[in-house]
Amino acid sequence: MKKKVAFVAINLNVGGTEKALLNMLTVMPKDQFDITLILLENRGEFRNQVPEGVKTIIYDQYPSIKAVINDPLPQTVLHTLKQGRILKGIRYFSFYIVQKLWGKKQRLFHELTTLAPLDIHECYDVAIAYAGPMEFISYLVIEKIKAAKKIQWIHFDLSKLTIDVKYWNTMYRKFDNIFAVSKEGKDHLVSCFPEFMNKTETFLNVFSPELILQMAENGNGFKDNFKGFRILTVGRLSFEKGQDLIIKVLARLKGEGHCVRWYCVGEGPMRSEYEALIKKYSLEEDFILLGLQTNPYPFMKECDLYVQPSRHEGYCLTLTEAKLFKKPIVATNFAGANEQISNNKTGIIVNFDEEELLTALNRILNDHDHYQRIKANLEKEQIVYRGDLNKFYTLLN
């Protein structure tokens with residue numbers, strides 16, 4: 001008999017967590033698992049990539065309570081009243097009073113899901129809060145979805161986030177297992193919550209080398225006929241991804257006379273700030289924002305160097321993907337970087353520091369033998385691409 005599994009996530013926007021989720025849905029055998037994907041929002045560029053045979057359920061009523069969950073309640077109340085929606089404003093104000101009186105998000109979430117119920121009556125073998133840590137999704141899995149076992153997935157480095165320790169202490173207590181996507185991420189989680197050490201494990205992300213290499217052949221890459229050295233970075237244009245650092249570094253590389261051009265795949269809230277920074281350093285011709293690309297792999301195939309300048313990560317899936325193309329990699333020292341790169345052998349790891357990154361790039365650009373040694377080491381490396389699926393199968397059985 002098939003095992004019934006439910007994954008709960010926010011949406012299918014282009015991102016590392018969403019890509020890891022789709023990879024896992026793809027590789028799980030459909031003759032062994034009856035899989036349901038529950039989404040808070042019916043949006044995202046990856047929507048058409050949900051594998052055949054996976055049932056999708058949309059929490060249709062989530063938009064009516066989204067603002068209360070994500071925005072400060074007083075702000076939401078005032079905004080609603082200014083729009084003339086008096087009854088809804090009064091309702092939101094009552095939520096604010098509830099939270100102030102009880103001081104518990106669980107109580108607020110209970111009130112919200114009473115107003116906007118999640119109508120799922122199925123009983124699953126396992127339900128997974130995949131977009132973690134996300135308070136509301138974890139609440140839904142624990143309180144609103146019936147399952148024999150419940151798993152919390154952690155995709156971020158908790159040491160870099162501001163979290164409600166009291167809330168998560170209550171939530172994590174109710175999960176059967178907690179999976180972190182890197183060893184370092186697990187260590188930071190256990191450091192925050194040592195009482196849950198025995199049910200916390202590392203679970204490496206899953207990906208499909210065959211699919212990635214096929215997509216690299218079928219898509220479109222660079223079109224600018226640039227003949228110099230191409231550097232690529234893939235990631236959401238956001239503060240944590242660190243693109244502000246590489247704009248400054250490129251300006252210094254150009255000042256030193258290097259024939260180099262830097263390309264960024266991704267979209268996000270920092271685009272206007274980065275465009276202003278690009279203009280400030282007169283890099284309009286040399287720092288290229290390629291925008292959102294659901295298929296970044298032709299660029300990975302054609303670049304000369306991949307750079308991941310993140311301030312923090314849980315486990316950077318694009319780093320593992322880039323390694324498939326056997327191009328040297330430079331990454332900042334975020335959680336999981338040392339698990340993916342052997343420093344000075346299959347890449348270079350630096351602190352999030354302008355001078356250190358500049359030094360590493362100069363070595364790549366100036367020392368051809370070092371560049372070729374890294375490429376040769378990558379050619380020999382065996383990449384784990386099925387993650388820790390056996391842990392998951394064992395848990396179900």
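Look up: the structure comes first, before these words.
Residues numbered from 1 in each chain as written. Predicted model: local features only at pLDDT ≥ 70, side-chain atom pairs only at ≥ 80, totals over all residues. Heavy atoms only, no water.

**Q** Please set out the sheet that holds strand S3 (residues 55-58) residue by residue, giving values where relevant.
**A** A sheet is described by the order of its strands in space; here seven strands give the open sequence S3-S2-S1-S4-S5-S6-S7, paired in parallel fashion. Of all the strands in the sheet, the pair left with one neighbour each is S3 and strand S7 (200-202). The sheet shows a mean angle of 25 degrees between the axes of neighbouring strands, direction not considered. Across three bridges, strand S6 (residues 177-180) lies against S7 in parallel orientation. From the neighbouring strand, Ile178 faces S7, where its bridge partner is Thr200. Contacts from helix H6 (residues 135-144) reach strand S1 (3-9), strand S4 (123-129) and strand S5 (146-154) within the one sheet, and its direction differs from that of S4 by about 160 degrees. (Pairing = 2+ DSSP bridges. Helix = DSSP H or I, 4+ residues; strand = E, 2+ residues; numbered from the N terminus. Axes fitted to C-alpha atoms, helices over the stretch in contact; angles between N-to-C directions. Contact = heavy atoms within 4.5 Å.)

**Q** Any chance you could break down helix H9 (residues 209-218) for me, citing the residues and the numbers?
**A** Restricting attention to buried positions, one finds in H9 the residues Pro209, Ile212, Met215 and Ala216. Down the axis of H9, the smallest arc covering the buried residues is 130 degrees, so these residues share one side. More than 90 degrees from the buried face of H9, the exposed residues found are Glu217 and Asn218. If you follow the buried residues of H9, they end up packed against helix H12 (297-302) and helix H13 (317-323). (Buried < 20%, exposed > 50% of the residue type's maximum accessible area, 1.4 Å probe, protein only. Arc of directions from axis to C-beta.)

**Q** Any chance you could break down empty space enclosed by the protein for me, citing the residues and the numbers?
**A** Counting across every chain of the model gives one cavity of 30 Å³ or more. Approximately 40 Å³ is the volume attributed to the largest cavity. The wall of the largest cavity is formed by Ala20, Met24, Tyr130, Trp153, Phe203, Leu204, Asn205 and Val206. In the lining of the largest cavity, the residues fall into seven nonpolar, one polar and no charged. (1 Å grid on protein atoms, 1.4 Å probe; cavity = no way out; pocket = protein on both sides within 12 Å on 5 of 7 lines; lining within 4 Å. Points joined across faces, edges and corners; volume = space filled by probe spheres on them. Nonpolar A, V, L, I, M, F, W, Y, C, P; charged D, E, K, R; others polar.)

**Q** Break down the packing of aromatic side chains for me, citing the residues and quoting the values.
**A** Under the defined criterion, the tally for this structure stands at 25 aromatic pairs. Taking 6.5 Å as the distance between ring centres and 15 degrees as the angle between the ring planes, the aromatic pair formed by Phe136 and Tyr139 counts as stacked. Taken together, the residues Phe136 and Tyr139, both in helix H6 and three residues apart, mark about one turn of the helix. Like Tyr139, Phe136 is buried. (Phe/Tyr/Trp six-rings, centres within 6.5 Å; stacked < 30°, edge-to-face > 60°.)

**Q** Give a detailed account of helix H7 (residues 165-172), specifying residues and quantitative values.
**A** Every buried residue of H7 is listed here: Tyr167, Trp168, Asn169, Met171 and Tyr172. Here the buried face of H7 lies against helix H5 (105-115), H6, S5 and S6.

**Q** Pulling in residues and values, what's your account of the side chain of Asn23?
**A** Checked against the element boundaries, Asn23 lands in helix H1 (residues 16-27). Among residues more than four places away in sequence, those in contact with Asn23 are Val206, Phe207 and Leu317.

**Q** Break down unusual backbone geometry for me, with residues and values.
**A** Phi is positive for Lys326, which is not a glycine, with a value near 60 degrees. One non-glycine residue, Asn344, lies in the positive phi region at around 70 degrees. Secondary-structure assignment places Asn344 in the loop between helix H14 (337-340) and strand S13 (348-350). Looking at Asn344, the relative accessible area reads 37%, which means it is partly exposed.

**Q** So what's going on with the nonpolar core? Residues and values would help.
**A** Core analysis: the largest hydrophobic core is formed by 59 residues, its most contacted members being Val5, Phe7, Met28, Ile128, Trp153, Leu232 and Phe392. Look past the residues within four positions of Phe392 in its chain and what remains in contact with it is Val5, Phe7, Met24, Met28, Val126, Ile128, Ile151, Trp153 and Phe203. Of all hydrophobic cores here, the second largest spans 41 residues; its members include Tyr59, Leu112, Ile142 and Met171. (Core = buried A, V, L, I, M, F, W, Y, C linked by side-chain atoms within 4.5 Å.)

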